[in-house]
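Tertiary structure, described
Here are the chains, one letter per residue:
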Amino acid sequence: MLPGAVAVPLPEGELYLLPRFVADSEAAYLLDALSTELAWTRHRVRLFGREHLTPRLCAWYGDPGARYAYSGQALEPLPWPPALAGLRARLHTALGLAFNSVLCNLYRDGADSMGWHSDDEASLGPRPVIASLSLGATRRFALRHRARRYRSVTLALGNGDLLLMTGDTQTHWQHAVPSTRRPTAPRINLTFRAVGGAATLRK
Ligand SMILES: O=C(O)CCC(=O)C(=O)O
Ligand SMILES: [Mn+2]
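Residues numbered from 1 in each chain as written. Chains lettered and ligands numbered in written order. Predicted model: local features only at pLDDT ≥ 70, side-chain atom pairs only at ≥ 80, totals over all residues. Heavy atoms only, no water.

Notes on the layout of surface pockets
As a volume, the second largest pocket reaches approximately 260 Å³. Residue composition of the lining of the second largest pocket, grouped by class: four nonpolar, four polar and three charged. (1 Å grid on protein atoms, 1.4 Å probe; cavity = no way out; pocket = protein on both sides within 12 Å on 5 of 7 lines; lining within 4 Å. Points joined across faces, edges and corners; volume = space filled by probe spheres on them. Nonpolar A, V, L, I, M, F, W, Y, C, P; charged D, E, K, R; others polar.)

Printed below as a string of structure tokens:
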């Protein structure tokens, strides 16, 4: 078992939560630093044949060549800034996970969101391991089974929490971060990925 991980029961999927993987004060510092230092932009995505801008800000970092095919477009990664390189190294040391890229999402307030999707791009391999680190405001993270055979699952992801999605999760489940009308402070989520499918989970 991964040190500090809580298994979240998910039929036909595999989900682990590591609450406060990053301590409060460091998470607050990272939120601040990454908010200003990363190259935030709204990505263009293709949904049902139409182009949209993401309802949040995004940035894509990684090793050279870790190109990410994302909703109809291929993104070339920017080189690792020190703060993201440090987190990637920590995931490797603490959990034995080797990632070559990270998709960063900035939810400026409750109106920013992420629609239903699975991270099932071919470039991530068949049973990808995705490590998702949350910084800042707590937001609802919802999962629904694609064939609707099981009840939806909702988690509250708070400052410093790390969520690992692996096994068949991306094959059978979709996830989303819904918008909310409640006054909501900014949140950054970093989803570390292995383009080429290299990360394995040590249990
Ligand atoms: O913000 C989150 O917690 C989810 C992000 C996500 O699903 C993604 O980047 O693919
Ligand atoms: Mn996702």
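Picking up where we left off.
Comments concerning the packing of helix α1 (residues 24–37) against helix α2 (residues 82–95)
Between α1 and α2, the shortest axis-to-axis distance is 11 Å and the interhelical angle comes to 140 degrees. It follows that α1 is oblique to α2 by the angle criterion. Residues Glu26, Leu30 and Leu34 of α1 form the contact with α2, whose own contacting residues are Ala83, Leu84, Leu87 and Arg90. Looking at side-chain class alone, the contact of α1 with α2 contains five nonpolar, no polar and two charged residues. (Axes fitted to C-alpha atoms, helices over the stretch in contact; angles between N-to-C directions. Helix = DSSP H or I, 4+ residues; strand = E, 2+ residues; numbered from the N terminus. Parallel < 35°, antiparallel > 145°, perpendicular 65-115°, else oblique. Contact = heavy atoms within 4.5 Å.)

Brief notes about the site of ligand 1
Taken together, 13 residues lie around ligand 1, and Asn105, Tyr107, His175, Arg187 and Arg193 are the ones closest in. Here Asn105 contributes a side-chain N or O atom positioned 2.9 Å from an oxygen atom of ligand 1. Taking Asp119, its side chain carries an N or O atom lying 3.2 Å from an oxygen atom of ligand 1. Protein burial of ligand 1: of its 290 Å² of free accessible surface, 99% is covered by the chains. The cavity that encloses ligand 1 is the largest cavity. (Near = heavy atom within 4 Å. Polar contact = N/O pair within 3.5 Å; in protein donor to acceptor, adjacent residues only side chain to side chain. Areas by Shrake-Rupley, 256 points an atom, 1.4 Å probe, with all protein chains shown as cover. Sits in = over half its atoms within 2 Å of the grid points.)

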